[in-house]
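# A closer look at the structure
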Amino acid sequence: MRLLRYSNSEELTITNFVDNNAIPPYAILSHRWLDDTEEPTFEDLTKGAGQEKLGYKKLRFCIEQARQNGLQYFWVDTCCIDKADSSELSQAINSMFRWYRDATRCYVYLSDVSTRKRKRNVGSIDTWESEFRKSTWFTRGWTLQELLAPALVEFFSQEGKRLGDKSSLKQQLHEITGVPTSALQGSHLSQFSVNERFSWIERRETKVGEDKAYSLLGIFDVRITLRYGEGMASAFKRLEEEIDKLGKCVQDLRLTDPRHDKKRIEETKGGLLKDSYNWIFKHSDFQQWRNDHESRLLWIKGDPGKGKTMLLCGIIDELKKSDITTNLAYFFLQATDSRINNATAVLRGLIYLLVDQQPSLISHIRKEYDHAGKSLFEDANTWTALVEIITNILRDPNLHNTYLIIDALDECVTDLQKLLDFLIHTSSVSTRVKLIVSSRNWPNIKERLETAGHKVELCLELNADSVSTAVSIYIKHKTQQLAELKKYDERTRAAVLQHLTSNGNDTFLWVALVCQNLAKIPRWKALAKLDAFPPSLDSLYERMMEQISSSEDADLCKQILASTAVVYRPITLEELTSLVEVLEDTSNDPESLRDIVGLCGSLLTIREGIIYFVHQSAKDYLLANAVHYLFPSGIGEAHHVIFSRSLQVMSGTLRRDMYDLYAPGFPIERVKTPDPDPLVTSRYSCVYWVDHICDWSSNPCPDHGADLQDGGAVDEFLRKKYLYWLEALSLCRNMAGGIVSMGKLEALIQGRGGASSLFDLVHDMRRFIMYHKWSIETSPLQAYMSALLFSPARSLTRVLFKDEEPKTIAIKPVMSDEWSACLQTLEGHSGWVMSVAFSPDSVRLASASDDNTVKIWDAGSGECLQTLAGHSDLVRSVAFSPDSVRLASASYDSTVKIWHAGSGECLQTLAGHSDEVTSVAFSPDLVRLASASDDTTVKIWHAGSGECLQTLEGHSGPVMSVAFSPDSVRLASASFDNTVKIRDASSGECLQTLEGHSGWVMSVAFSPDLGRLASASCDKTVKIWDASSGECLQTLCIGIVLFNISFDSESMDLHTNIGTIAFNRAPHVKLSATDSQSPPCQRGALISDGAWITYDLENLVWLPSEYRPSCSAVSGKTIGIGVGSGRVLICNVEVDKLEGVQ
């Protein structure tokens, strides 16, 4: 950004600020341009010219006004932008809103408004107001953002006289422009709808048509490339498309709106009482956190019921009111709600609010989202991706001052430690970011937060007087509410107030629960019942349970409480009727259901038709103190009841095309839930029935083993309803959960007596869902189309549901009788897959792509565990460290990156090559990493520090492969110069240059006994060399080019990208370098020519063209195939079954 600086003699100089943090306070001018020849330009000022131009008067005005305001710098568009540089102009237009927003003052110079003429009559207003309303400044497109962006906008007449600012003139400005006064006063523009913001520009004009759209970029906080000449319609179309993309990204990010959660919590707790939390703002700890730049984390801790949540609600309101320009993002964790009880949900909620308030921050999400789509927020590596996104957001130099507030850390059920680590890290990211968190006094939370610097602790137990006063205010408020509701006389009101005050123990929750119970008691019984409410939370819960157990509805309440205590997420009233048998006839009577749930004392509450525990402490109490009452046969029996009821409700409701979509290809994103919803009672059951049968099996309880045997309940359900269940999972947007469920079910049944047929069925159905997940997930009715048509002819699932196959398709694809070796096609890359590698422990598979990313997959389930983004060009090679902990990637951006294979964190970026990096390899001792490059060199790096230890020269062509010897002493490199070099890995000395190949050498590998070295070449041969003498021992004629070779650790066979090759290993057998052999034996799964998977030289599985590999890797019986389309396949050859057939 360039700024103008004036001297005492009013001489102007231009200063360029590259670092945004170094920009000093400055004023900014908003004005109507004169003719181009009359405005001083950037070129004029660089030459010291332009003073004679008419527009220079405005620069003198700025100098004088800035001097009066104590500002040394100011900005004027005509002088600070080099419009001859199209790149600079584009950057400036995309940055303009921010430049106006960050200005200390904005001077609006109105050349068509004069203050010279005045009306003479007493009490009349200045004549300038009439001219002000008619000023052409209000008709121009660019001046809209100049009005909205700055905090302080001052209006001046042509004489330089101040007319007022946008605060004092807000009513006139609203009437002239139609812009709401709240927008003029600084409210986040995202609060106004897209259509409303578009309406503000309707009556404005720009000199160039496209500028009418470009002038709105800052108002919508988006960026687009400027294309002058495209026309106004095209510019608006691109702007609208970018706004739509932003909206779709935010929509997919949104898991919950924390603002709605806050409102719901406040309503549930009877409203926010200002006098009960005001004390916090005067507290020294809070003031230290708020005013001290070094105090960035405030931890408010206290026992259950002490009012932590409502305290944070009050703090949020105060911070929102005190500084409307500051970002305020918050999240309320609730252990009983699976949507908002995990660390990932917290980050999604915080990012959602940050982006909503400052939309430009979405650029940090779009980098990943435009590639991954909605899966960015839902797959296994979401946490890692979100941490990177929010960290980049908080480091954004344009980020406004920001408050992050998280309530109830103790209610984070999943990944609490990750969340705590994130908070500790975030507390030191930026001085513009401050955090508040609350929790119970848990040792594990205290232990982690103690390590945070810049921390302030506020313990409610140590502020008993303040809390006690707050609770007293709350008691008076609740007592008055009760008195008005129940029409208490003064005696009763005083008795209630006295009892609550004497027994409240400074606990908001206790007071709230007692008042909730008193509201249900007739006025004339209130005094008699007061003593029935014991003075502590646990005692109160115990009293509630005693009342429930002695009521005539005890059994019903017991069933309801037992169900709500073991479900995996809060259930709806309709779902409750499906899980508790005696309620099944009340599903259409919501009022009766509410009354029935109300029988459970005050332990449960209903919000928007969903049943919650009134507080996490209530559920904790039941599971700790009422287990024997609620679960007389054990918790496992409760799980079995829910499982059994789930099968019943699903059997009764699931059918084909439940949402009447009709069209087989109807996309899931267009599916709208009908009213009434056929899945309203069974949605929970569809997702969680397998989890309940697994938890039943793992808990001691009465035997229901027949359910898991041939002909049992599970067998019968799957045979009749499996396909309909898959459709329902798609409609529930939970196909990934279905795969996990079938895996759990298969593991549960495996080895059970009397369940062999059921096991075969579940195994087949697991293959079915794994193979067809994508098509069913995308279009629910494809369960009956593509999934059946492209399943094996003898698939148990296909045979069972043969009647569901489409009757309208005359020609069906010829399918094999059995499932193919392809377990799953792993989709996610958007470009060619360049390299794949299994981890040494065979647990993971890594894939490198020309979409600039690396993906790490679970080799068993095919689930994408991580997407590693960071390279700026295609990734050519990947390699795991021998301990499977780290992963190295080599890229055409001339760098190597080292990643943590578990977390996906980038540990090192190794820069130094001057051209594309083609190969990487870890030394077996984990000390070194070697990289090969098209710059003809090999570099050896320290794998821990990333220091470059050696640069090895000598090859005359690009180096394609590097490999360490098993003892880490030697390093081999293969090159396009048709040679292999063996070097000392420590000194870099070249020990051998192996010549003999007639084509480029693509790969090298040492044997485990250190005696041999293998090399694969584009001459379609593999050569076996004596690793010490450099003699060529064998030349194997392969017939195709091999890109990856390695020795088997035990058999000494060669593993290649097409499988395993056996060769003559006799120590004294020697062939001349010109002799060649065909390999005498090939075993294992391999791809010979890209069209077949073979075994022992026999073609086994034909790969359709869309599955033919661009690269591949083999690990035992499993082969990973990278496909040009961006897919990765994992295929398995079941050798035992295969040999039995042969």
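Residues numbered from 1 in each chain as written. Predicted model: local features only at pLDDT ≥ 70, side-chain atom pairs only at ≥ 80, totals over all residues. Heavy atoms only, no water.

An unreviewed UniProt entry lists the chain under the name NACHT domain-containing protein, with Mytilinidion resinicola given as the organism.

## Quick word on the packing of helix H31 (residues 635-653) against helix H32 (residues 683-698)
In a packed pair of helices, the relevant descriptors are the angle between the two axes and the axis-to-axis distance. Short version of the rule: Where helices are involved, their axes are fitted lines through C-alpha atoms of the stretch in contact, as for all axes, and angles between N-to-C directions lie from 0 to 180°. Numbering of helices and strands starts at the N terminus; helices are DSSP runs of H or I of at least 4 residues and strands are runs of E of at least 2. Note: crossing handedness is left-handed where the near helix turns anticlockwise from the far helix by less than a right angle, and right-handed where it turns clockwise. We call two residues contacting when some pair of their heavy atoms lies within 4.5 Å.
In contact at an axis separation of 8 Å, H31 and H32 are set at 145 degrees when each is read in the N-to-C sense. Considering only the axes of H31 and H32, their crossing is left-handed. The residues of H32 that touch H31, namely those facing Gly636, His639, His640, Ile642, Phe643, Ser646, Leu647, Val649 and Met650, are Tyr684, Ser685, Cys686, Trp689, His692, Ile693, Asp695 and Trp696.

## Considering the UniProt feature "repeat: WD" (unreviewed entry) in the chain
Test applied: UniProt positions are given in the numbering used here, feature names are shortened, and annotations may be inferred rather than shown by experiment.
The sites that carry the UniProt feature "repeat: WD" (unreviewed entry) are, in the present numbering, residues 826-867, 868-909, 910-951, 952-993 and 994-1035. From the first C-alpha to the last, residues 868-909 spans 13 Å; its make-up is 0% helix and 57% strand. In residues 994-1035, the share of helix is 0% and the share of strand is 57%. The end C-alpha atoms are 13 Å apart.

## Overview of the packing of helix H12 (residues 232-253) against helix H16 (residues 343-357)
The test is simple: Geometric relationships in this document are graded by angle, where less than 35 degrees denotes roughly parallel, more than 145 denotes roughly antiparallel, 65 to 115 denotes roughly perpendicular, and other angles denote oblique. Polar here means any residue outside two lists: the nonpolar Ala, Val, Leu, Ile, Met, Phe, Trp, Tyr, Cys and Pro, and the charged Asp, Glu, Lys and Arg; Gly therefore counts as polar.
Here H12 crosses H16 at 150 degrees, and the two axes come no closer than 9 Å. It follows that H12 is roughly antiparallel to H16 by the angle criterion. For the element pair H12 and H16, the recorded crossing hand is left-handed. Along its contact with H12, which presents Val250, Asp252 and Leu253, the element H16 presents Arg348, Ile351, Tyr352 and Val355. Taken together, the residues of the contact of H12 with H16 sort by class into five nonpolar, no polar and two charged.

## Considerations on the nonpolar core
Here is the rule: Throughout this description, the term nonpolar core refers to a set of buried Ala, Val, Leu, Ile, Met, Phe, Trp, Tyr and Cys residues connected via side-chain atoms within 4.5 Å. The buried label goes to any residue with under 20% of its type's maximum accessible area, the exposed label to any with over 50%, and the partly exposed label to all in between, with areas taken from a 1.4 Å probe on protein chains only.
In terms of nonpolar packing, the biggest core is built from 214 residues, with Trp75, Phe155, Ile315, Ile365 and Leu409 touching the most fellow members. Ranked by residues supplied to this core, first place goes to H16 with ten residues. When neighbours within four sequence positions are excluded, Leu409 is seen to be in contact with Leu333, Leu416, Leu419, Leu420, Leu423, Val437, Ser438, Ser439, Ile445 and Leu449. By size, the runner-up hydrophobic cluster in this structure holds 53 residues, among which are Cys686, Val690, Cys694 and Ile749.

## Some details on the packing of aromatic side chains
The geometry of an aromatic ring pair is captured by two quantities: the separation of the ring centres and the angle between the planes. We count it as follows: Note on ring pairs: Phe, Tyr and Trp rings are taken, using the six-membered ring of Trp, and paired if centres are within 6.5 Å. Classes follow the plane angle, with under 30 degrees stacked, over 60 edge-to-face and the rest tilted. By the criterion adopted, a ring carries a charge over it if an Arg CZ or a Lys NZ lies within 6 Å of its centre and within 35 degrees of its normal.
Per the stated rule, a full pass over the model turns up 37 aromatic pairs. Relative to Trp689, the ring of Phe643 has its centre 6.4 Å away and its plane inclined at 25 degrees; by these criteria the two rings are stacked. Residue Phe643 is located in helix H31, and its partner Trp689 is located in helix H32; the two are separated by 46 residues in the primary sequence. Taken individually, Phe643 and Trp689 each receive the classification buried, so the pair is uniform in this respect. Through a chain of ring-to-ring contacts, three or more aromatic side chains come together here, namely Phe643, Trp689, Phe717, Tyr722, Trp725, Phe768, Tyr771 and Trp819. The ring of Tyr612 carries Arg264 above its face, with NZ or CZ at 5.6 Å from the centroid. Seen from the ring of Tyr629, Lys558 lies directly overhead, with NZ or CZ sitting 5.1 Å from the centre.

## Quick word on the environment of Asn444
Structurally, Asn444 can be placed in helix H20 (residues 443-449). Separated by 206 residues in the primary sequence, Asn444 and Met650 place their C-alpha atoms 42 Å from one another. Leave out the neighbours within four places in its chain, and Asn444 touches Leu416, Gln417 and Leu420.

## Side note on the sheet that holds strand E3 (residues 26-31)
Consider a sheet: its strands pair through backbone hydrogen bonds, and that pairing is either parallel or antiparallel. Our working definition: The criterion for strand pairing is that DSSP finds at least two bridges linking the strands in question.
Pairing is mixed across the open sheet formed by seven strands, whose spatial order is E2-E1-E4-E3-E5-E6-E7. Each edge of the sheet is formed by a strand with only one pairing partner; in this case those strands are strand E2 (12-16) and strand E7 (162-165). Within the sheet, the average angular offset between the axes of one strand and its neighbour, ignoring direction, is 30 degrees. The strands that helix H2 (residues 56-68) touches are strand E1 (2-6), E2, E3, strand E4 (73-75), strand E5 (105-109) and strand E6 (153-156); relative to E5, the one it contacts most, it runs at about 145 degrees. Sheet strands touched by helix H4 (residues 86-102): E1, E3, E4 and E5. Its angle to E3, the strand with the most contacts, is close to 110 degrees.

## A short note on the sheet that holds strand E21 (residues 886-891)
An order of E20-E21-E22-E23 is seen for the four strands of this open sheet, with the pairing classed as antiparallel. The sheet is open, and its two borders are formed by strand E20 (875-880) and strand E23 (906-911), each paired with just one other strand. Each neighbouring strand pair of the sheet contributes to a mean axis angle of 20 degrees, computed without reference to strand direction.

## Concerning the pattern of salt bridges
Quick note on the threshold: The term salt bridge refers to a side-chain nitrogen of Lys or Arg lying within 4 Å of a carboxyl oxygen of Asp or Glu.
In this structure the tally under the stated criterion is 45 salt bridges. Here Arg794 ties to Glu818 by a salt bridge, and the two come within 3.5 Å at their closest N and O atoms. Taken as a pair, Arg794 in the loop between helix H36 (786-789) and helix H37 (796-800) and Glu818 in the loop between H37 and strand E15 (822-826) lie far apart in primary sequence, 24 residues in all. One network of salt bridges, with partners in common, ties together Lys301, Lys446, Glu450, Lys455 and Glu457.

## Some words on helix H26 (residues 554-566)
Counted only if it meets this: Expected helix span is taken as 1.5 Å per residue step, with the number of steps being one fewer than the number of residues.
Here H26 is 13 residues long and its end C-alpha atoms lie 18 Å apart, about the 18 Å a rise of 1.5 Å per residue gives. For H26, the buried fraction is high: ten of the 13 residues fall into the buried class. Among all positions in H26, only Ala554, Leu556, Cys557, Ile560, Leu561, Ala562, Ser563, Thr564, Ala565 and Val566 are buried.

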